[in-house]
Amino acid sequence: MAEPMKIRATLKGDLADIRVLMVHPMETGLRKDANGNIVPMHFIQEIAVRLNGRVMLEGQISQAVSRNPVFSFRLKGVKAGDKLEIAWLDNHGERNQSVTAIA
């Protein structure tokens with residue numbers, strides 16, 4: 001099971017600045033291990049952000065993103081107590097999801 005994401009939401013009026021840390025190795029398939037063997041690709045492919053069940057953001061990324069990526073975005077029309085859900089899917093079929101309330 002993947003580690004929970006660390007989510008920080010800063011609310012200013014009806015705007016929320018969101019930062020999320022996703023713990024993931026994000027292997028490119030180009031790096032070699034100590035024995036000279038290529039480490040296989042392992043990276044997040046899809047990210048989805050929902051606010052109170054409504055899709056606010058969907059995106060696809062590739063192996064070009066660094067290990068343990070941090071993503072930032074701004075949502076409009078947010079209020080305290082709203083439910084923020086962030087999920088990802090990687091190229092091995094592993095998933096992670098975190099849910100938090102906007103404070």
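All figures in this text were calculated on a predicted structure; none of them were measured in a lab.

A closer look at the sheet that holds strand S6 (residues 83–90)
A sheet is described by the order of its strands in space; here four strands give the open sequence S4-S3-S6-S7, paired in antiparallel fashion. Strand pairing shows two members of the sheet lacking a second neighbour, strand S4 (54–60) and strand S7 (95–101), which therefore form its edges. The mean angle between the axes of side-by-side strands here comes to 15°, regardless of whether they run parallel or antiparallel.

A few points about the layout of surface pockets
Looking at the largest pocket, its volume works out to about 180 Å³. In this structure, the largest pocket is lined by Glu-46, Ile-47, Ala-48, Glu-58, Gly-59, Gln-60, Ala-87, Trp-88, Leu-89, Arg-95, Asn-96 and Gln-97. For the lining of the largest pocket, the class distribution of residues is five nonpolar, four polar and three charged.

Considerations on the pattern of salt bridges
Taken as a whole and assessed by the stated rule, the structure comprises three salt bridges. For Arg-74, the salt bridge identified is with Asp-17, shortest N-O distance 2.6 Å. Of this pair, Arg-74 sits in strand S5 (residues 70–76) while Asp-17 is found in strand S2 (residues 15–21), placing the two residues 57 residues apart along the sequence. Here Arg-74 falls in the exposed class, since its relative accessible area comes to 56%. Between Glu-27 and Arg-31 there is a salt bridge whose closest N-O contact spans 2.7 Å.

The rules behind these values
Residues numbered from 1 in each chain as written. Predicted model: local features only at pLDDT ≥ 70, side-chain atom pairs only at ≥ 80, totals over all residues. Heavy atoms only, no water. Pairing = 2+ DSSP bridges. Helix = DSSP H or I, 4+ residues; strand = E, 2+ residues; numbered from the N terminus. Axes fitted to C-alpha atoms, helices over the stretch in contact; angles between N-to-C directions. 1 Å grid on protein atoms, 1.4 Å probe; cavity = no way out; pocket = protein on both sides within 12 Å on 5 of 7 lines; lining within 4 Å. Points joined across faces, edges and corners; volume = space filled by probe spheres on them. Nonpolar A, V, L, I, M, F, W, Y, C, P; charged D, E, K, R; others polar. Salt bridge = Lys/Arg side-chain N within 4 Å of Asp/Glu carboxyl O. Buried < 20%, exposed > 50% of the residue type's maximum accessible area, 1.4 Å probe, protein only.

Take it as geometry only, folks, not as evidence of what the structure does.
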